[in-house]
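# Geometric and topological summary
Each chain is listed here by its residues.
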Amino acid sequence: MPSASTALERITIEPTTAVTACVIWLHGLGDSGAGFAPVVPLLGLPQNHSIRFVFPHAPEQAVTINGGYIMRSWYDIKSMDLHDRADINGVLASETAVKALINEQIEAGIVAENIILAGFSQGGVMSLFSGLRFEHKLAGIMALSCYLPAGESLPDDLHSANAQTELLQHHGEQDEVVPLFAGKMAFDALTKAGYTSTWKTYPMPHSVIPEQLTEIGAWISSKLMR
């Protein structure tokens, strides 16, 4: 598991103009930052955009539901039970590393309100958990094909800084890894608590599709290219 003193390795894609904003995109279980880095040209962003993309690699650790096999993972998945799926100590350890990534960008001169925290599957779980608890307002939080660590319960110690931050939640209608109802459960819990989230489903399995990436690109542009 990552620690505060261990910077996450990552793939960074710089814009051709001076950087003014950043998207930090967290991958899913068993993947790496290389899994999503190729999507940047598919987002349809203007050629002269000023957004840095950071795709960190999760640490390698044993994953219980995969027979203890060691793979890149933001936290251990203990069971398929949505209310007891995520190892909370692992979630908290990865949150520390994700916060360090965000703070690194802030220290480099990008204001928090120009930073989007995004993630897919396990990475989406971490983007929701970390983003909603972060102490500075972010530009947006994107959570793709994922769930809340505690099922329908929101994380503890939510920070008021991101109470008004817009969320984007997408899910595949044929998702065989994270059931559609798990994503909808997260959306319902968030909106019931007063968060503003856009929910959309797509005719796809546990993946992303070109139409979706175009819409994600438009959402990113609306938040970071004001």
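Residues numbered from 1 in each chain as written. Predicted model: local features only at pLDDT ≥ 70, side-chain atom pairs only at ≥ 80, totals over all residues. Heavy atoms only, no water.

## Remarks on the layout of surface pockets
Threshold: In the cavity and pocket records, a cavity denotes points on a 1 Å grid over the protein atoms alone where a 1.4 Å probe fits but cannot get out, a pocket denotes an open set with protein on both sides within 12 Å along at least 5 of 7 lines, and lining residues are residues with an atom within 4 Å of a point. Grid points are joined across faces, edges and corners, and a volume is the space filled by probe spheres set on the points. Ten residue types, Ala, Val, Leu, Ile, Met, Phe, Trp, Tyr, Cys and Pro, are classed as nonpolar, four, Asp, Glu, Lys and Arg, as charged, and the remainder, Gly among them, as polar.
Of the volumes computed, that of the second largest pocket is approximately 190 Å³. Along the wall of the second largest pocket there are 15 residues; nearest its centre are Leu29, Ile77, Ser121, Val177 and Val178. For the lining of the second largest pocket, the class distribution of residues is eight nonpolar, four polar and three charged.

## Structural notes on the side chain of serine 73
Quick reminder of the rule: Numbering of helices and strands runs from the N terminus; a helix is a DSSP stretch of H or I covering at least four residues, while a strand is a stretch of E covering at least two. Note on exposure labels: buried denotes an accessible area under 20% of the residue type's maximum, exposed denotes more than 50%, and partly exposed covers the range between, all computed with a 1.4 Å probe on protein chains only. Residues count as neighbours in contact if any of their non-hydrogen atoms are within 4.5 Å of one another.
Along the chain, serine 73 turns up in the loop between strand S5 (69-72) and helix H1 (88-107). Under the relative-accessibility criterion, serine 73 is labelled buried at 0%. Apart from the residues lying within four places of it in its own chain, the contact partners of serine 73 are Leu29, Ala58, Pro59, Gln61, Val63 and Gln122.

## Focus on the pattern of salt bridges
Defined as follows: One side-chain nitrogen of Lys or Arg within 4 Å of one carboxyl oxygen of Asp or Glu is enough to make a salt bridge.
All chains considered together, the criterion is met by eight salt bridges. Note that arginine 133 and glutamate 95 form a salt bridge whose closest N and O atoms lie 2.7 Å from each other. With arginine 133 in helix H2 (residues 122-133) and glutamate 95 in helix H1, this residue pair connects regions lying 38 residues apart in the sequence. The burial state of arginine 133 is the same as that of glutamate 95; both residues are buried. Among the ionic pairs, aspartate 157 bridges to arginine 133, the shortest N-O distance being 4.0 Å. You can see aspartate 157 sitting in the loop between strand S7 (140-144) and strand S8 (167-172) and its partner arginine 133 sitting in helix H2, a full 24 residues away along the chain. Residue aspartate 157 is classed as exposed on the basis of its relative accessible area of 63%. Put simply, Glu95, Arg133 and Asp157 are held in one network by salt bridges that share partners.

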